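Okay, here's what each chain looks like letter by letter:
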Amino acid sequence: MRKWGFVAVAIAIAGCAGLSPPALADDDEPGAGAHGADRDKAVETENIFGFTAGSDTGDANGKGLSAEATPRIGKRIGAYRALDTKTEFGFGVTDDFNMSFSALGDCHRIRNVPEFDDVGGRCAFNGFGTQVRWRFLDRSKGPFGLTLQLEPSFASRIDGGSGLAGRGVGAENKLIFDRELVPGVLFGAVNLLYDVARFRERNALASERGGRPGVSAALAVQVAPKVLLGAEARYQRTYEGLSLSRYSGDAFFVGPTLFAQSGNVWLSAAWNVQVAGREAVNRPERAAAIVEASNATADALAAALAAGEEPPAPVAPDLPLRHRRLNLKDFERHQVKLKVGFDF
């Protein structure tokens, strides 16, 4: 995780040192880059890729309101339903830097899921969040867009995975690259992901810490004015603790995206399905199973010798599965993102 942090910091320093686009002369057209001012203003890429973010940061003094819902559905066994909500107000500080503040909500309904406590249809306020987006390269003036997005959250009251009450903090961070691959038609983006969280359940003595580095990529095609269809793929790994030393599992998601805008109102939607994943082997549990099988074999052999019988076959250890087709312990089978916004 520290390696990912060093990468983000290094690129941020490089941007401050001179990667920011040069100031325009008074007689230059704003946004008159590789594709022209009108085309650049036609599509703002920040929200067109679904879970993957675009690099555009809007205009200085621009403002907007948005509401976001993220349902997460499905574990290997039992019934699992979770819903994350966010109501956000954002504003542009400069053309290359914007901020937003948000109120967060959380709902869970969990029944008969192994390693999870049952939670009966509980919804609650889940803290506050803020987001900063700092653009170092404008895609209309350079080979690609480059933006650093930091999104910390505070005073969380519900754990997003288990649905249990407690206290926590976290941050979802992205290093965003995007490019207009075919002018006015095809857009592409790549995000480097680095999420961290710390949560202490109610009455627990210690906090649980975790990290999720990953990468996502997306394409979006403008099929009508301000209407884009696309697809994205995301890969994430999860670790116990705030380091990369204790691997817990990974997951790979793919799915379609949709973006539509009419005037100042816009809608973004994405549906991601987990198509591959792996749960890490629980080594202490595996070692205990081997020891138990060895003891059972020794006991059976001693009993057979005492009775003058043939030695029995060794007892096979009941080992935890090394690999599963999906990782439904750390991630869900389906993740959906719906977001509607109004710019003014």
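Residues numbered from 1 in each chain as written. Predicted model: local features only at pLDDT ≥ 70, side-chain atom pairs only at ≥ 80, totals over all residues. Heavy atoms only, no water.

Caption draft 1: Quick peek at the overall build of the protein. The helix and strand tally for the protein stands at three helices and 12 strands. The buried share of the protein, reckoned over its 344 residues, is 39%. Across the protein, every contact between residues at least 6 apart in sequence was considered, and the portion connecting residues at least 24 apart equals 63%. For the protein, the accessible surface area stands at approximately 17900 Å², while carbon and sulfur atoms represent 60% of it. (Helix = DSSP H or I, 4+ residues; strand = E, 2+ residues; numbered from the N terminus. Buried < 20%, exposed > 50% of the residue type's maximum accessible area, 1.4 Å probe, protein only. Contact = heavy atoms within 4.5 Å. Areas by Shrake-Rupley, 256 points an atom, 1.4 Å probe, with all protein chains shown as cover.)

Caption draft 2: Quick peek at the nonpolar core. Val43, Ile48, Phe49, Phe187, Ala189, Ala218, Ala220, Leu228, Phe259 and Trp266 form the largest nonpolar core, which has 10 residues in total. Looking at this core, the elements with two or more residues in it are strand E7 (186-201) and strand E8 (208-224). Those residues in contact with alanine 218 that sit more than four places away from it in its chain are Phe49, Thr52, Phe187, Gly188, Ala189, Ala231 and Glu232. Within the second largest apolar cluster, seven residues are counted, among which are Tyr80, Phe116, Val119 and Leu164. (Core = buried A, V, L, I, M, F, W, Y, C linked by side-chain atoms within 4.5 Å.)

Caption draft 3: Examining a negative patch on the surface more closely. There is a patch of like negative charges on the surface, built from Glu44, Asp59, Asp95 and Asp343. Note on placement: aspartate 343 falls in strand E12 (residues 334-343). Given the relative accessible area of 33%, aspartate 343 is considered partly exposed. (Patch = residues over 30% accessible without salt bridge, like charges linked within 9 Å, V, L, I, M, F, W, Y side chains within 5 Å. Salt bridge = Lys/Arg side-chain N within 4 Å of Asp/Glu carboxyl O. Lys, Arg positive; Asp, Glu negative; His and termini not counted. Charge placed at Lys NZ, Arg CZ, Asp CG, Glu CD.)

Caption draft 4: Representation of the confidence of the model for the protein within the structure. The predicted model of the protein has a mean per-residue pLDDT of 85, with 79% of residues at 70 or higher. Counting contacts from residues 1-37, a segment whose pLDDT is below 50, to residues more than four positions away or on other chains yields 52 contacts. (pLDDT = per-residue confidence, 0-100.)

Caption draft 5: Structural detail: the pattern of salt bridges. Tallied over the full model, the rule gives 16 salt bridges. Glutamate 68 is the partner of lysine 86 in a salt bridge, and the nearest nitrogen-oxygen pair spans 3.8 Å. Taken as a pair, lysine 86 in strand E2 (residues 79-94) and glutamate 68 in strand E1 (residues 63-73) lie far apart in primary sequence, 18 residues in all. Assigned by exposure class, lysine 86 and glutamate 68 land together as buried. Between lysine 339 and glutamate 88 there is a salt bridge, with its nearest N and O atoms 3.9 Å apart. One end of the pair, lysine 339, is in strand E12; the other, glutamate 88, is in strand E2, with 251 residues separating them in the sequence. Classification of lysine 339 as buried rests on a relative accessible area of 10%.

Caption draft 6: Region of interest: the environment of proline 213. Among the secondary structure elements, proline 213 is positioned in strand E8. The spacing of proline 213 and valine 196 is 17 residues in sequence and 8.5 Å in space, taken between C-alpha atoms.

Caption draft 7: Structural context of a positive patch on the surface. On the surface, Arg122, Arg157, Arg167 and Arg202 cluster together into a positively charged patch. Here arginine 122 lies in strand E4 (residues 119-137).

Caption draft 8: Spatial organisation of the sheet that holds E2. Pairing within the closed barrel is antiparallel, and its 12 strands lie in the order E1-E2-E3-E4-E5-E6-E7-E8-E9-E10-E11-E12. Across the sheet, the mean angle separating the axes of adjacent strands is 20° when strand polarity is ignored. (Pairing = 2+ DSSP bridges. Axes fitted to C-alpha atoms, helices over the stretch in contact; angles between N-to-C directions.)

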